[in-house]
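Here is how the chains run, residue by residue.
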Amino acid sequence: MAEQQQFHLLLGNLMSPDNSVRKQSEEMYDNISGQTKITFLLQAVRDASAAEEVKQMAAVLLRRLLSSSFDETYPHLSPDMQTAIKTELLVGIQTETSPSIRKKVCDIAAELSRNFIDDEGNNQWPEVLKFLFDSVSSQNVDLRESALHIFWNFPGIFGNQQQHYLEVIKRMLVQCMQDQENLQIRTLAARATASFVLSNENNAGLLKHFADLLPGILQAVNESCYRGDDSVLKSLVEIADTAPKYLRPNLEAVLQLSLKLCADTNLTNMQRQLALEVIVTLSETAAPMLRKHTSIVAQSVPQMLAMMVDLEEDEEWAMADELEDDDFDSNAVAGESALDRIACGLGGKTVLPMIKQHIMQMLQNPDWKYRHAGLMALSAIGEGCHQQMESILNEIVNFVLLFCQDPHPRVRYAACNAIGQMATDFAPTFQKKFHDKVISSLLQTMEDQSNPRVQAHAAAALINFTEDCPKSLLIPYLDNLVQHLHVIMVAKLQELIQKGTKLVLEQVVTSIASVADTAEEKFVPYYDLFMPSLKHIVENAVQKELRLLRGKTIECISLIGLAVGKEKFMPDAAAVMQLLLKTQTDFNDLEDDDPQISYMISAWARMCKILGNEFQQYLPVVMGPLMKTASIKPEVALLDTQDMENMSEDDGWEFVNLGDQQSFGIKTAGLEEKATACQMLVCYAKELKEGFVDYTEQVVKLMVPLLKFYFHDGVRVAAAESMPLLLECARVRGPEYLTQMWHFMCDALIKAIGTEPDSDVLSEIMHSFAKCIELMGDGCLNNEHFDELGGILKGKLEEHFKNQEVRQAKRQDEDYDEQVEETLQDEDDNDVYILTKVSDILHSVFSSYKEKVLPWFEQLLQLVVNLIGPHRPWPDRQWGLCIFDDVVEHCSPSSFKYAEYFLQPMLQSLCDPSPEVRQAAAYGVGVMAQFGGENYTPFCREAIPLLVGVIQAADSKSKENINATENCVSAIGKVMKYRPECVNVNEILPHWLSWLPLNEDKEEAVHTFNFLCDLIESNNPIVLGPENTNLPKIFLIIADGVANESVKREDGCSKRLANVIRQVQVSGGLWTECVSTLNETQQKAIQDLLNTA
């Protein structure tokens, strides 16, 4: 008994407001064994004499214990104790008088049931099911409520008996929803139904069967909202998110109700926003279904716009120097976000006609709030209505620019916002069409000295504009831009010193950086105008409130340095490095959320690009903080829904709903910095190569585990990118160190290919893995690696075919429309991109291992053969042929044993309507001639007339056909060179010469030039012509090749071509004749070749 009292005391202390008491109690609690905890906690919950808050605390802790450590505790209790717990809980629900404790005991019972469902789906606690049935039909309201609460909390409680009891479950829920006496029962029944629907989201039959319960849910949503309870409305949002098809039979009613609630200003803002969220969520999860109800959706647009007008008058607004974060609960922010999402969800074709008139009317309203909302709405829909707005961009831009002169500062601010947003959404068309108007308008707005907030936003819009502005467009404005920016910078520096205001200066510094970044070397003349002031800011802006300004100035200096180049920057480089180093050594004093950190990290990487190897000396100072930032571990938590209610997203937590009342929380602070730091490590490895070798070990140990860092895509991409680069850095240490490093990363890379969920990241990982294999070469993979890799690649190819089938099925769906087709096309492009990476990996394996890898490849053979089937889409055929091209190129003569699978498809593909397929097939003919061996001779002979046919087709030189055509020309060259017996060389050669040079496919161009050199060096009479009359033509081919950079300085054939020219040079007349036919560019190209080769 004394122990129990002590335990009650401990529970009380766990809630103590005194931190030290609480901490001490938590330690004591943690030291009690799990089994003892269960006993004590249950006794506390059931102790009638205990204080309510002690019982509440005990109930919460017992539920958490069962949730987090059931397997470690419960099975080790004695059978009697196990029975007692089950009995006590059910008795407790029936006898507990406090409603809130009773609810918590229900939660414990639900948690226990969740753990009692075995692998076969049997519920090992049959008494709880009997209790549910008895209670739900009991006369006692509290018992009915308890049964519904348990079922709401754990709708899977029936396990594998669910189908058997389905009618009973349905009848009970309907009965409770119709309980006229008790609102609480109706509400809970609606929530329990929603919970059951959500837990069976993939069971189409069940959803259909329960469709007639939806009107009851909607009625409960309506009723409960007006009683200040939005729990059922939240359930409706969840259904819209997870099981939108359930709403289809009553979609009209769902939308009407949401619209009614959203429009009712008697409800709280939160409730109205939740009602709107139902419609917005459906636009994302079931757009095609929603597009059939455009008239109702159109009625929601004025609601969103009305929310956006809900702004406060604020006298101080224009002068504010600190920007407070958006108030995400405000109607204005919610309305704007909803508009953005619905435009992206339903597409511009649907949304723009609904909204255009409303916006035009708002922009003509005498009340500034309407004009502000209209401009913000225009910014919000740009991404979703991209295509439709592009065609009327002219009138939109001219109209928006008028508002830069609006009498109200917040409208001018909104106009800058719209321009900045459009500059991003419609780049570079926007810049090309409107540069003149926009630059002058923004510069004028930036002079608005009495409204710093507007000035700053005009500068921000200018940044958006210049970031995506083609250099050639910006150059004519450079003088004017720079003068304006300089005048403002000087004025604002004075203001900073006199009044301490910094908002505009922060933006202007970034505007200068952005202009320099786009102008590159053209910024050199202005360098001395800015650099002294910028250095002055970094030296003196040391107060805490100036951290952001200092960070942005550091960014600006490094971007200017990168723009003007090493020569101009060098005199300042040492001083700038010292300034940065000074910040760096104070780095340990910086708080973790100091904005300077990420600016510093990026600035170092730019300095590394500017200084090249000279940067190496700074690594010892830089790497410490960089590794520290790259090693940030985010705070994460696995929470059940009830714990989550105590944590808010405002504290920087984000939540992912895992279903089954569980959520995963992550604190996002520091994640962006971590991603930047990882990206910078990649930059050092790339720039410094062997100069980075001393750090390869610590970096690889950091990066390999980050391939599984699922909280941030950018971190995983950086980890993948770093792998081949680190191997290159490590080479100088010799083969043993290199192999050790490769062993450390290889397993993790292969596993990541198998498990990576995001297709963009996956393609990076696959690309890096292929590069690593090319670097390490033969012998880098052992049998286990090959087994695992084979299984994974097989899975990827099977998934590729399966996804195509799924898309075909979606095209038969009743909601299929052209916007769905666009989405399917995007998915298809993603899939094909992964297919190209499968091809990359196979290429690296074939090129490293040659013929001995063929037995391993056979597990994939049938899938690759499927790719080149006549009815597959062209990208499948293209990449299937590329894989077989690699087999021929790297694994011959053994490759011929698979000839029956690919020879005929390859021949047929030479005449394929798709140029990409023709190119892959033509390349295949070339490698067969070059590497395939005797067996391929008849095939090469058969291919020649087909290749000639492609080259001589009327549109063979058009932009889309040229690459395929050039591969055909190269293939014929290879057949003449390596398999002359297949072709009448004398007949084909004159034609072949007339097709040269190749200008697009640089790799194939080298082959053709090498063969041309062979022919000239052997004095081939057909090539040289009688009395060397063909030489001017040959000069022309060579000159064009050099001018087009098809002949590279480092290629062996450039020396050979230069020798040909030199031989002609010595015979004066012939030389003059050859050169006289060339234009100026061609003559210069010949001269360049002679000078360099």
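The structure under discussion appears in the preceding block.
Quantities reported herein were computed from a predicted structural model and do not represent experimental measurements.

The rules behind each value
- Residues numbered from 1 in each chain as written.
- Predicted model: local features only at pLDDT ≥ 70, side-chain atom pairs only at ≥ 80, totals over all residues.
- Heavy atoms only, no water.
- Helix = DSSP H or I, 4+ residues; strand = E, 2+ residues; numbered from the N terminus.
- Buried < 20%, exposed > 50% of the residue type's maximum accessible area, 1.4 Å probe, protein only.
- Contact = heavy atoms within 4.5 Å.
- Areas by Shrake-Rupley, 256 points an atom, 1.4 Å probe, with all protein chains shown as cover.
- Lys, Arg positive; Asp, Glu negative; His and termini not counted.
- Charge placed at Lys NZ, Arg CZ, Asp CG, Glu CD.
- Salt bridge = Lys/Arg side-chain N within 4 Å of Asp/Glu carboxyl O.
- Axes fitted to C-alpha atoms, helices over the stretch in contact; angles between N-to-C directions.
- Parallel < 35°, antiparallel > 145°, perpendicular 65-115°, else oblique.
- Left-handed = near helix turned anticlockwise from the far one by under 90°.
- Nonpolar A, V, L, I, M, F, W, Y, C, P; charged D, E, K, R; others polar.
- Patch = residues over 30% accessible without salt bridge, like charges linked within 9 Å, V, L, I, M, F, W, Y side chains within 5 Å.
- Core = buried A, V, L, I, M, F, W, Y, C linked by side-chain atoms within 4.5 Å.
- Expected span 1.5 Å × (residues − 1).
- Phe/Tyr/Trp six-rings, centres within 6.5 Å; stacked < 30°, edge-to-face > 60°.
- Lys NZ or Arg CZ within 6 Å of the ring centre and 35° of its normal.

### With respect to the overall build of the protein chain
Along the protein chain, the regular secondary structure elements total 54 helices and three strands. Along the three orthogonal principal directions, the C-alpha set of the protein chain runs to about 115 × 80 × 60 Å. In the protein chain, which comprises 1093 residues, the share counted as buried stands at 56%. Look at the contacts in the protein chain between residues 6 or more apart in sequence, and 72% of them connect residues 24 or more apart. Just so you have it, the protein chain exposes about 48,100 Å², and 50% of that area is on carbon and sulfur atoms. Computing the positive centroid from 93 side-chain charges and the negative centroid from 156, the protein chain places the two 1 Å apart.

### Thoughts on the side chain of D264
By the element assignment, D264 lies in the loop between α14 (251-263) and α15 (269-285). For the buried residue D264, which engages in no salt bridge, the nearest side chain bearing the opposite charge is K260, 6.3 Å off. Once you skip the residues sitting within four places of it in the chain, D264 turns out to touch Y226 and R272.

### As for the packing of helix α43 (residues 874-891) against helix α44 (residues 899-909)
Helix packing for two helices is described by the angle between their axes and how far apart those axes are. At a minimum axis separation of 11 Å, α43 and α44 run at an interaxial angle of 120°. When the axes of α43 and α44 are compared, the pair comes out oblique. For the pair α43 and α44, the crossing hand works out as left-handed. Packed against α43, whose contacting residues are L881, F884, D885 and V888, the element α44 presents F902, M906 and S909 at the interface. Considered class by class, the residues forming the contact of α43 with α44 number five nonpolar, one polar and one charged.

### Notes on a negative patch on the surface
On the surface, D310, E312, E313, D314, E315 and E316 cluster together into a patch of negative charge. Taking relative accessible area as the criterion, E312 reaches 65% and is therefore assigned exposed.

### A closer look at the pattern of salt bridges
Counted under the stated rule, the structure contains 44 salt bridges. Among the ionic pairs, R186 bridges to E223, the shortest N-O distance being 2.6 Å. Taken as a pair, R186 in helix α10 (residues 183-199) and E223 in helix α12 (residues 214-225) lie far apart in primary sequence, 37 residues in all. A relative accessible area of 24% means that E223 is categorised as partly exposed.

### What about the nonpolar core?
Within the largest apolar cluster, 391 residues are counted, with the highest numbers of intra-cluster contacts made by F615, Y684 and F692. Setting aside anything within four residues of it in sequence, one finds F692 in contact with L619, M623, L681, Y684, A685, V699, L726 and C729.

### What about α14?
Look at α14: 18 Å from first C-alpha to last across 13 residues, which is about the 18 Å you get at 1.5 Å a residue. Among the residues making up α14, those that are buried are L251, V254, L255, L257, S258, L259, L261 and C262. Here the buried face of α14 lies against α12, α13 (231-242), α15, α16 (287-290) and α17 (294-308).

### Concerning a positive patch on the surface
Residues K609, K686, K689 and K771 make up a contiguous surface patch of positive charge. Looking at the secondary structure, you find K771 in helix α39 (residues 759-776).

### A word on the environment of L352
Among the secondary structure elements, L352 is positioned in helix α19 (residues 348-363). On the basis of relative accessibility, which here comes to 9%, the residue L352 falls in the buried class. For the pair L352 and P873, spaced 521 residues apart in sequence, the C-alpha to C-alpha distance is 34 Å. Not counting chain neighbours up to four residues away, the residues in contact with L352 comprise I381, C385, Q388, M389 and I392.

### Brief notes about the environment of A563
You can see A563 is positioned in helix α30 (residues 547-564). Owing to a relative accessible area of 12%, A563 belongs among the buried residues under this scheme. Between the alpha carbons of A563 and L363 there is a distance of 41 Å; along the sequence they are 200 residues apart. In contact with A563, other than residues within four places in its own chain, are A516, D517, E520 and E521.

### Here's the deal with helix α6 (residues 99-116)
Taking 1.5 Å as the rise per residue, α6 with 18 residues should run 26 Å; its terminal C-alpha atoms sit 26 Å apart, in good agreement. Burial of α6 is extensive: 13 of the 18 residues sit out of reach of the surface.

### Side note on the side chain of S16
If you trace the backbone, S16 turns up in the loop between α1 (2-14) and α2 (19-31). Given the relative accessible area of 12%, S16 is considered buried.

### Some words on the packing of helix α32 (residues 596-611) against helix α35 (residues 671-688)
Relative orientation of the contacting elements α32 and α35 amounts to 10°, with a least axis distance of 10 Å. Taken together, α32 and α35 sit at an angle that is classed as roughly parallel. Mapping the contact onto sequence places S598, I601, S602, W604, A605, C608 and K609 in α32 and E673, T676, A677, M680, C683, Y684, E687 and L688 in α35. Residue composition of the contact of α32 with α35, by class: nine nonpolar, three polar and three charged.

### Quick word on the packing of aromatic side chains
Throughout the structure, instances matching the rule amount to 32 aromatic pairs. Relative to Y684, the ring of F615 has its centre 5.5 Å away and its plane inclined at 35°; by these criteria the two rings are tilted. In this pair, F615 is assigned in the loop between α32 and α33 (619-630) and Y684 in helix α35, connecting sequence segments 69 residues apart. Y684 matches F615 in its accessibility class, with the two residues each being buried. Each ring, one from W742 and one from F769, has its centre 6.3 Å from the other, and the planes form 25°; the classification is stacked. With W742 in helix α38 (residues 735-755) and F769 in helix α39, this residue pair connects regions lying 27 residues apart in the sequence. Take F769: its relative accessible area is 0%, and that puts it in the buried class. Feature note: the residues F133, F151, F158, Y165, F196 and F210 constitute an aromatic cluster, connected by ring pairs. Over the ring of F210 we find K170, and its NZ or CZ is 6.0 Å from the ring centre.

No statement about biological role is implied by the geometric values presented.
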